[in-house]
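Residues per chain are reported as follows:
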Amino acid sequence: MVEKMKDMADKAAVVVQNNVSQALGLIYGLGMLTWTAFNQMNSNYWAYFLTEICGLEPTVMGTVKGITGIGEWFFVIIAAIIIERVWLKHGQYRSWLLLAPPATFVCLLMTFIDPAFLDMNAKTIWMIFFQIIGGFFASFFMIAATSIVPVISHTEADRTLLSQRKAQGNMLVKVLFAAISLPAILAINGMVYRVPAGENAQNAGPAGFTVLALIFGIIMIVMFIVMYKRIDGMDPTQELCEERALAKKEGKEVPPIPQKDKVSLGEMLKYWITNIPALVGLFAEIIRFIAQMTIQSMAMYVFTYAFGDVAMAAVMLTAANITGLIATFVSEPIARFLGIRTTYLIGIAISAVSMIACYFVGATGAMAFIVCICACFFGMNFMNGVMVGMQSNAIAFGEWRDGKTAKAFIMSTFQWCPKIANAVAGFLTGFGLAAIGFVSGMEPSAELAQGMINIICLIPAVALVIAFVAFFFGYRLNSKKMAQIAEDLEKRRMEGDVLPG
């Protein structure tokens, strides 16, 4: 009897033990940070590079971005299916952290090279090809890097740590990138093309853009190799994958992947569609991106036509990013104390209240407007800080309920959020500007200013209120529920019943 009680106590101790160290959390955050830095080149400078350096017409540039956006969205799905079905040598997820970043780097670097030996049609094809293929390879390691979170984390505290480090790295690099990237491009172009300071060195040639992309890409590859090495032995599929690779090399019979560990396309769709927390989380993240992209896309209009000081738009976005970075650190202890669900709801509430307040006081002056927007970004980065943890909890719930899940496929759906949100925000702001009678270059007026304030405030405010209601009633995975799920899954692991896929 005593031995039996001791055995039960030992099992209980295993249940509550966290699996992710602070060192691993830091390495994970740094790895994701370096990808964000490399990807910021695309987000901030690619459109400019296409028109001003490569000489593409603005309409052609828009077409290139539209085609590549659709192509990348499609290939996210393909990448997820491949990850679920094809297990490479070093583990189902871990392998892609080693293989995909170099391929991504080579392809996306080609989009910051001006192929002057080609005509404009060939240049356009060049850019479309390398952007889509680069995005395809990026999908592999991004899906793998997020799917590995529910694999290596056994508790909500583990998921909170990894989620916060990712968000903190994301916001930190955005602040740093904004501060150093353009000066670096100007400095490199000034040296290479001998352009005096202040004479549009950014337009002198591609060198500054290419060199900066090269530097960020190499750093990204190094950090993903470090991450790959650090999680050695933590991917539960690794042992079987290495046995299969060794048997193939030695010409022996290759051990099959157990059929119960494979997930068919039909099962992927089933586990996703029937996982209500995952669907609600996806909806809430789309809303967050709609709010963020509406604010970013309307900022230049508001400060030009409502406040008459376009330079303040840069001040607002810088202040908002710094505020967002602070939020990721503030939200971490709150998430540990109150749980991921409550922290995410607090973030939605702060953002919604901020945009409602902005509607009433934002038009009174630029500073009042900036304060409200910064408060909204503070709330949105409460959400961002626990986003990966929220997704991972939903996957753990599905695994607990069904005994099987499709981690990579479900995680891949969250890659759609910015793409869907970009289309929706573009549609709403475009028709919103048309509805208030805006015409480019028109004279500012009080009515025009209020109309723009309405667009930038009401679209996010209404969307965030809807998100709060949906998340409150649809995402019921609180800390108590997740503790029970963690305990049950740990018992299954000890009995060998938890599947790795």
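Residues numbered from 1 in each chain as written. Predicted model: local features only at pLDDT ≥ 70, side-chain atom pairs only at ≥ 80, totals over all residues. Heavy atoms only, no water.

**Description of the overall build of the protein chain**
Right, so step 1: Check the secondary structure of the protein chain and you find 18 helices and zero strands.
Right, so step 2: In terms of its C-alpha atoms, the protein chain occupies a principal-axis envelope of roughly 85 × 55 × 40 Å.
Right, so step 3: Considering the protein chain as a whole, with its 501 residues, one finds that 53% of them fall into the buried category.
Right, so step 4: Taking as baseline every contact in the protein chain between residues at least 6 positions apart, the subset at least 24 positions apart corresponds to 81%.
Right, so step 5: Working note: accessible area of the protein chain is about 21,400 Å², and carbon and sulfur atoms make up 68% of it. (Helix = DSSP H or I, 4+ residues; strand = E, 2+ residues; numbered from the N terminus. Buried < 20%, exposed > 50% of the residue type's maximum accessible area, 1.4 Å probe, protein only. Contact = heavy atoms within 4.5 Å. Areas by Shrake-Rupley, 256 points an atom, 1.4 Å probe, with all protein chains shown as cover.)

**Quick look at the packing of helix H4 (residues 94-110) against helix H7 (residues 207-230)**
Right, so step 1: The geometry of H4 relative to H7 is characterised by a closest axis approach of 8 Å and an angle of 175 degrees between their N-to-C directions. Here H4 lies roughly antiparallel to H7, going by the angle between them. Here Arg94, Leu97, Leu98, Pro101, Pro102, Phe105 and Leu109 of H4 lie close against H7, whose contacting residues are Thr210, Ala213, Leu214, Gly217, Ile218, Met220, Ile221, Phe224, Ile225, Met227, Tyr228 and Lys229.
Right, so step 2: Taken together, the residues that form the contact of H4 with H7 break down as 15 nonpolar, two polar and two charged. (Axes fitted to C-alpha atoms, helices over the stretch in contact; angles between N-to-C directions. Parallel < 35°, antiparallel > 145°, perpendicular 65-115°, else oblique. Nonpolar A, V, L, I, M, F, W, Y, C, P; charged D, E, K, R; others polar.)

**Quick word on a nonpolar patch on the surface**
Right, so step 1: Nonpolar side chains collect at one region of the surface, where Phe283, Ile356, Tyr359, Phe360, Val361, Leu458, Val462, Val465, Ile466, Val469, Phe472 and Phe473 lie side by side and expose about 1,100 Å² of accessible area between them.
Right, so step 2: Of all the secondary structure elements, the ones that give two or more residues to the nonpolar patch are helix H12 (340-361) and helix H17 (446-474).
Right, so step 3: Per-element tally for the nonpolar patch: the top contributor is H17, with seven residues.
Right, so step 4: Residue position: valine 361 is located in helix H12.
Right, so step 5: Note on valine 361: relative accessible area 36%, which makes it partly exposed. (Patch = residues over 30% accessible without salt bridge, like charges linked within 9 Å, V, L, I, M, F, W, Y side chains within 5 Å. Salt bridge = Lys/Arg side-chain N within 4 Å of Asp/Glu carboxyl O.)

**As for the environment of proline 256**
Right, so step 1: Its place among the elements puts proline 256 in the loop between helix H8 (238-249) and helix H9 (265-273).
Right, so step 2: Under the relative-accessibility criterion, proline 256 is labelled exposed at 61%.
Right, so step 3: Residues proline 256 and cysteine 241, 15 residues apart in the sequence, show an inter-C-alpha distance of 9.7 Å.
Right, so step 4: Not counting the four nearest positions on each side in its chain, proline 256 is found in contact with Leu240 and Arg244.

**Observations regarding the nonpolar core**
Right, so step 1: The biggest cluster of nonpolar side chains holds 146 residues, and the ones touching the most others in it are Trp35, Met41, Ile295, Met355, Phe369 and Phe471.
Right, so step 2: For this core, the element with the highest residue contribution is helix H5 (residues 120-152), accounting for 17 residues.
Right, so step 3: Ignoring anything within four residues of it in the chain, the contact list for methionine 41 reads Trp46, Phe112, Phe177, Phe209, Leu212, Ala213 and Phe216. (Core = buried A, V, L, I, M, F, W, Y, C linked by side-chain atoms within 4.5 Å.)

**Comments concerning the confidence of the model for the protein chain**
Right, so step 1: Averaged over all residues, the pLDDT of the protein chain equals 86, while 94% of them reach at least 70.
Right, so step 2: Low pLDDT, under 50, characterises residues 8-16; the stretch is placed with six contacts to residues that sit more than four places away or in other chains. (pLDDT = per-residue confidence, 0-100.)

**Details of the packing of helix H6 (residues 156-193) against helix H13 (residues 366-385)**
Right, so step 1: Viewed as axis vectors pointing N to C, H6 and H13 meet at an angle of 135 degrees, and their least axial separation amounts to 8 Å. By the angle class used here, H6 and H13 are oblique. The residues of H13 that touch H6, namely those facing Ser163, Gln164, Ala167 and Met171, are Asn381, Asn384 and Gly385.
Right, so step 2: Of the residues assigned to the contact of H6 with H13, the class counts are two nonpolar, five polar and no charged.

**Quick look at the pattern of salt bridges**
Right, so step 1: Taken as a whole and judged by the stated rule, the model has nine salt bridges.
Right, so step 2: For glutamate 332, the salt bridge identified is with arginine 336, shortest N-O distance 3.7 Å. Here glutamate 332 and its partner arginine 336 are both found in helix H11 (residues 311-338), four residues apart, which amounts to about one turn of the helix.
Right, so step 3: Put simply, aspartate 402 and arginine 401 hold a salt bridge, and the shortest N to O gap is 3.0 Å.
Right, so step 4: Looking at arginine 401, the relative accessible area reads 35%, which means it is partly exposed.
Right, so step 5: Look at the salt bridges and you will find they share partners, linking Arg165, Glu332 and Arg336 into a network.

**With respect to the packing of aromatic side chains**
Aromatic rings in a pair are described by how distant their centres are and how their planes are angled relative to each other.
Right, so step 1: Inspection of every chain in the model, using the stated rule, returns 32 aromatic pairs.
Right, so step 2: For the pair tyrosine 359 and phenylalanine 360, a centre-to-centre distance of 5.1 Å together with 75 degrees between the ring planes defines the contact as edge-to-face.
Right, so step 3: Of the residues examined, tyrosine 359 reaches a relative accessible area of 30% and is grouped as partly exposed.
Right, so step 4: A residue is classified by how much of its surface remains accessible, and phenylalanine 360, at 62% relative accessible area, is exposed.
Right, so step 5: Through a chain of ring-to-ring contacts, three or more aromatic side chains come together here, namely Tyr45, Phe49, Phe112, Phe177, Phe209 and Phe216.
Right, so step 6: The cationic tip of arginine 94 hangs over the ring face of tyrosine 228; the distance from NZ or CZ to the ring centre is 3.8 Å.
Right, so step 7: Over the face of the ring belonging to phenylalanine 472 we find arginine 341, whose NZ or CZ atom lies 5.3 Å from the ring centre. (Phe/Tyr/Trp six-rings, centres within 6.5 Å; stacked < 30°, edge-to-face > 60°. Lys NZ or Arg CZ within 6 Å of the ring centre and 35° of its normal.)

**Let's talk about the state of the cysteines**
Where two cysteines share a covalent bond between their sulfur atoms, that bond is called a disulfide.
Right, so step 1: A complete count under the given rule lists zero disulfides for this structure.
Right, so step 2: Cysteine cysteine 107 is unpaired, with the sulfur of cysteine 54 as its nearest cysteine sulfur at 16 Å. (Disulfide = S-S within 2.5 Å.)

**Thoughts on H5**
Right, so step 1: Between its first and last C-alpha, H5 extends 48 Å over 33 residues, near the 48 Å set by a 1.5 Å rise per residue.
Right, so step 2: Of all 33 residues making up H5, 26 are buried, and the element is well covered by its neighbours.
Right, so step 3: A side-chain oxygen of the first residue of H5 lies 3.2 Å from the backbone nitrogen of asparagine 121; this N-cap is aspartate 119. (Expected span 1.5 Å × (residues − 1). Polar contact = N/O pair within 3.5 Å; in protein donor to acceptor, adjacent residues only side chain to side chain.)

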